[in-house]
Each structure stands twice: as structure tokens, then as C-alpha cells.
Amino acid sequence: MRLTRYFLPTMKETPAEAQIASHRLMLRAGMIRQASAGIYSWLPLGYKVLKNIERIVHEEQQRAGAIPVMMPTIQSADLWRESGRYDAYGPEMLRIKDRGDRDMLYGPTNEEQITEIAKAGLKSYRDLPVNLYHIQWKFRDEVRPRFGVMRGREFLMKDAYSFDIDRENAERSYNRMFVSYLRTFERLGLKAVPMRAESGPIGGDMAHEFLILAETGESEVFLDRTLADLTLGERGLDYADDAEMAAIRGDWTASYARTEDEHDAAAFEAEVPEERRVTARGIEIGHIFYFGTKYSEPFGASVVNAEGASVPLHGGSYGIGVSRLVGGIIEASHDDKGIIWPESVAPFQVAVVNLKQGDAESDAACESLYERLGAMGIEVLYDDRNERAGGKFATVDLIGCPWKVVVGPRGLKEGTVELGNRRTGETENLSADALVNRLAAQFGHG
Ligand code: ATP
Ligand code: MG
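Here goes a summary of the coordinates provided. Only a predicted model underlies this, so the values are computations on that prediction, with no experimental measurement involved.

1. Observations regarding the packing of aromatic side chains
Then, in step 1: Applying the stated criterion across every chain, the model contains 13 aromatic pairs.
Then, in step 2: Relative to Phe268, the ring of Phe222 has its centre 5.9 Å away and its plane inclined at 75°; by these criteria the two rings are edge-to-face. Of this pair, Phe222 sits in strand S11 (residues 219-224) while Phe268 is found in helix H9 (residues 265-271), placing the two residues 46 residues apart along the sequence. As far as the burial class goes, Phe222 and Phe268 line up, both buried.
Then, in step 3: Seen in terms of ring centroids, Phe289 and Phe291 are 6.4 Å apart; in terms of plane orientation they differ by 45°. Their pairing is tilted. For the pair Phe289 and Phe291, one class covers both residues: buried.
Then, in step 4: Taken together, the ring pairs connect Phe178, Tyr181, Phe185 and Phe210 into an aromatic cluster.
Then, in step 5: The positively charged end of Lys48 is found above the aromatic ring belonging to Phe348, 4.8 Å away from the centroid.
Then, in step 6: In this arrangement the basic side chain of Arg95 is found over the ring face of Tyr86, its NZ or CZ atom lying 4.7 Å from the centre.

In C-alpha cells form, the structure reads like this:
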């Protein structure tokens, strides 16, 4: 993309309404524009990042066996009356009437809708397990929408719903989602810690929230430091191996990690040696939950088991805050110049900065690099504006491209261009060919 042809409405000033870094940086980098309180338009740069996150979430959901579907945003109130949640949900639910005076609502979540689908489509234990998910906009009329996309009213969520014959099998489905969340968040460049969450009507320990640690997080969290250092890394995962899935969940839940709602100071002190006790703030980016027959019973969603008896489905739901993640990743990865994108979600992998636009040699070198890198499938932003070098650097640092290629007459005289890494700040002078090879290797085209 040539910057002169793009739509990148950056701002130099710090917007007064933004209280935290990610909100400030998303506005300054021209990623979003507020439409009304807690409701945003996604501008080109922000939309690219949102789509990159979505792609990774899709890949990892499907790798873990979940099947993509798409349910509507507008739901009928009658569906929610069946579960008893229409009245219980309260003022966070946006209630609408259609022209026939029927009560409708903008979905804050989809348990009712998916249970109705499962009821109609699942007949026998042989149809199970099934896990259906979608990535769809939700609306919750939050009392205090704030921090930009972190606590919006309209927000994008991945929500998956598993259906099993009994609790034991539901636990297997739960474990697959648990493990896939670890992998998903690692791919997004995040260190997410699963923490014990309120377990609802069923009890037991099949409810976890995944949080990233960040000073601006809304929840207070208490954890054993060892958990903050655990990673899956590159290891292969076999989602069909129930024992492996259970073992991984075991490793990640062996040490103390709870949010303030579940925190027990005495247990924290008893279980965690003092030097490993961490009290911090966290951002909830995912929430997984086994709810048993809570929805299948009122909806009469049952299947025939191996003995020929009709039994209610056992369900779980699994959410990821896809739009919140855009802010969450920035909270976890920025400096005073701007955003530092992990390569996996960066809107552009490489920025090419022409120090002297209009200089025949510099222009030609930039055009050639722009074309060669683009031909390898690397997303390149070419800053071809007629602007001072300082302004160009400020822009590419603000929008956080992982790699910066600086091209100018002085370097070209020596036969070199400069390659800079946004995260480490390291720079290196090398020939255009060497640079192309380096980036080809970096992005797996080597
Ligand atoms: P919170 O405690 O932050 O209000 P929640 O527990 O009500 O969230 P869930 O119902 O668990 O939210 O929704 C699944 C995920 O959707 C959350 O883990 C979070 O990442 C995201 N999410 C929830 N509410 C919002 C919101 N208002 N704006 C952006 N993302 C949200
Ligand atoms: Mg939650």
C-alpha cells in the first residue's frame, strides 16, 4: 500500500477523552473512530488488525474441532423468555420492537439461540460431540463504556458452544477449548493466564477466565509467578488425545491464579511461597464455562443415549473478546512512540520510508523494494509522502510496523539501505538484495 493512496488519519495531539494507552494510540494511529458512546467504526488500519486477529481465532478454533456457523445479531425476545433470561438480563440488553410490535433484542450472547439450533439438529449420542462457534457482533448496554474498544457497547466476540452426552464428555470438550485458548493467545503474542472463575449453577472447577497482565486492567488478580512463565511454545498438539488435553489443563491450573471475585487470601498464602506471590491487574480476554443442562432443560434439547433413553445435552460456552484484543495487545505492547505489533497481527509487516521523495535514485530503490517484498506476500506500507524524514518516522513508529526499511541518497551511494526492528530498535545497513533475502527468511519465504 502506498501511503499517499491510503486512508490513515493519524493525529499528533493526544486525544483528551482517552485515559489509557491503547485507546490513545488507536485514535492517534487512525484505527478507529467513535460513532457514539462505546460504538466504533473500524478504519482501514484498525480493520486490518481486527481481521488478522479473527483469522488466528478461526484457525485455532477449527484446529480444536469447533465448526464455524453464523447466527444473527437480532434475536427474538421469545427465545429468551424460554430460558427465563429475558427479564433477568436487565438494562444491559438492548430491547427493540419490530413493525409488528414484536419484542426483539440485539444479542448480548447466543446460548439460547444455539440451544434451539442444537435441539432441532441433534438426535442421538452418535451426533456428539459438537462444538459450533461464530465470530459476531454483540451489544451490551454497559453502564460505563470506556477505554475505547476494551469496554465497548457494540463489540466483536468469538463464542463457541459445545454439546455432549454427559459431564465427562463435556469436560473433554472443555479441555480442548482450554488448550486452544492457550495456543490462540500465544499466537497473538500475548501471555494469557487462565484463572479460576465463578462456576455458576453446576459447581466444580470448569470455569476459567483468561487474563493478560496489564496495569490498566480492570480486574485485580492474584497468581503464582510460575504461571506467568509457562508457555506451550512450538509443541505439537493432538486435540484428539483427551489425556494430553487434560494434562495440559492440569499444568496450567496446578498453581494459584484467581481474580478478586474468587480470591481467598488464606489459600493464596498457604499455597504460594511469598517470593512467588504476584498481585497485579489484568484484562479479561477470554472466558470458558461449563453450564451443564442449564439451557438444554428449559428448551427440551435432548438426545437419545446408548441405552435408548432421552437425556438433556450438556453444554459449555467459550468466549473470546476479539475487538477487546486489539486494545489488549496494544496495552501489552507499546512504547512512548507508539504501537509495537506482534508480527502475527501487524497491519503491515514492513514500512518502507523514502527519505528523499522525488530523488530519482531513492524513488527507484523504494519502488523496487516495494514490489519485490509485495511479490513475496509481505504486507508493505510505502511512505511515499512528500514529507520530512522526522514526520515519516513518527508515523511508522506510531502505527507499529515490526520492520522499517529506510532508503535515502546517502545510503544508496554506499549501496545500502537500513533495516530497523521496531521492538528492539536495532538497525543494520545492508544491500537491497540482502535485505530482501533477510525478510524472505523472516516471513518463511526463504
Ligand atoms: P467483563 O467482566 O469484562 O464485563 P464479561 O465477563 O461480562 O466481561 P463474557 O460474557 O465472559 O464477558 O464475554 C466473553 C468475552 O467478551 C470477555 O472475556 C471479554 O473479552 C469480551 N467482552 C465482554 N464484554 C465486553 C465489552 N463490553 N467490550 C469488549 N469486549 C467485551
Ligand atoms: Mg466473563
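2. With respect to the sheet that holds strand S23 (residues 427-430)
Then, in step 1: With mixed pairing, five strands are arranged side by side in an open sheet as S20-S19-S21-S22-S23. Because the sheet does not close on itself, it has two edges, and the strands there are strand S20 (380-383) and S23. Each neighbouring strand pair of the sheet contributes to a mean axis angle of 20°, computed without reference to strand direction.
Then, in step 2: In this structure, strand S21 (residues 403-407) lies alongside strand S22 (residues 417-421), joined through four bridges in antiparallel fashion. Within S22, the residue paired with Trp403 across the bridge is Asn421.

3. Overview of the coordination of the magnesium ion (ligand 2)
Then, in step 1: Protein-derived coordination of the magnesium ion (ligand 2) comes from Glu284 (OE) and His287 (ND1), at a distance range of 2.2 to 2.3 Å.
Then, in step 2: Residue classification places Glu284 among the partly exposed residues on the basis of a relative accessible area of 27%.

4. Focus: helix H1 (residues 21-28)
Then, in step 1: Counting buried positions along H1 gives seven out of eight residues, so the element sits mostly inside the fold.
Then, in step 2: Considered for burial, the residues of H1 that qualify are Ala21, Ser22, His23, Leu25, Met26, Leu27 and Arg28.
Then, in step 3: In this structure, the buried residues of H1 make contact with strand S1 (32-36), strand S2 (39-42), helix H11 (322-332), strand S17 (334-335), strand S18 (338-339) and helix H13 (389-399).

5. Focus: the layout of surface pockets
Then, in step 1: In this structure, the largest pocket occupies an estimated 1300 Å³ of space.
Then, in step 2: What lines the largest pocket is a set of 48 residues, among which Arg140, Met157, Glu209, Glu284 and His287 lie closest to the centre.
Then, in step 3: When residues of the lining of the largest pocket are traced back to their parent elements, those giving at least two are strand S8 (154-164), strand S13 (277-292), strand S16 (314-321) and H11.
Then, in step 4: Classifying every residue of the lining of the largest pocket by side-chain character gives 17 nonpolar, 14 polar and 17 charged.

6. Quick word on the pairing of S20
Then, in step 1: On S20, burial covers both faces: Val380 and Tyr382 on one face and Leu381 and Asp383 on the other are all buried.
Then, in step 2: In this structure, strand S19 (residues 350-354) lies alongside S20, joined through four bridges in parallel fashion. Across the sheet, Val352 pairs through a bridge with Tyr382, a residue of S20.

7. Observations regarding the site of ligand 1
Then, in step 1: Lining the immediate surroundings of ligand 1 are 14 residues, of which Glu142, Arg151, Gly152, Glu284 and His287 lie closest.
Then, in step 2: Within the side chain of Arg140, one N or O atom sits 3.0 Å away from an oxygen atom of ligand 1.
Then, in step 3: In isolation ligand 1 exposes 580 Å². Once the protein is present, 80% of that is buried.
Then, in step 4: In a pocket analysis with a 2 Å cut-off to the grid points, ligand 1 is assigned to the largest pocket.
Then, in step 5: For the shell around ligand 1, the elements supplying multiple residues, two or more each, are S8 and S13.
Then, in step 6: It is S13 that contributes the most residues to the shell around ligand 1, four residues altogether.

8. Thoughts on the packing of helix H2 (residues 44-63) against H11
Then, in step 1: Interaxial distance between H2 and H11 falls to 9 Å at its minimum, and their mutual angle equals 110°. Between H2 and H11, the crossing angle belongs to the class labelled roughly perpendicular. As for how H2 packs across H11, the hand of that crossing is right-handed. Across the interface between the two elements, Val49, Leu50, Ile53 and Glu54 from H2 touch Val322, Ser323, Leu325, Val326 and Ile329 from H11.

Procedures and definitions
- Residues numbered from 1 in each chain as written.
- Chains lettered and ligands numbered in written order.
- Predicted model: local features only at pLDDT ≥ 70, side-chain atom pairs only at ≥ 80, totals over all residues.
- Heavy atoms only, no water.
- Phe/Tyr/Trp six-rings, centres within 6.5 Å; stacked < 30°, edge-to-face > 60°.
- Helix = DSSP H or I, 4+ residues; strand = E, 2+ residues; numbered from the N terminus.
- Buried < 20%, exposed > 50% of the residue type's maximum accessible area, 1.4 Å probe, protein only.
- Lys NZ or Arg CZ within 6 Å of the ring centre and 35° of its normal.
- Pairing = 2+ DSSP bridges.
- Axes fitted to C-alpha atoms, helices over the stretch in contact; angles between N-to-C directions.
- Donors = N, O, S within 2.8 Å, 3.2 Å for Na, K, Ca; no water.
- Contact = heavy atoms within 4.5 Å.
- 1 Å grid on protein atoms, 1.4 Å probe; cavity = no way out; pocket = protein on both sides within 12 Å on 5 of 7 lines; lining within 4 Å.
- Points joined across faces, edges and corners; volume = space filled by probe spheres on them.
- Nonpolar A, V, L, I, M, F, W, Y, C, P; charged D, E, K, R; others polar.
- Near = heavy atom within 4 Å.
- Polar contact = N/O pair within 3.5 Å; in protein donor to acceptor, adjacent residues only side chain to side chain.
- Areas by Shrake-Rupley, 256 points an atom, 1.4 Å probe, with all protein chains shown as cover.
- Sits in = over half its atoms within 2 Å of the grid points.
- Parallel < 35°, antiparallel > 145°, perpendicular 65-115°, else oblique.
- Left-handed = near helix turned anticlockwise from the far one by under 90°.

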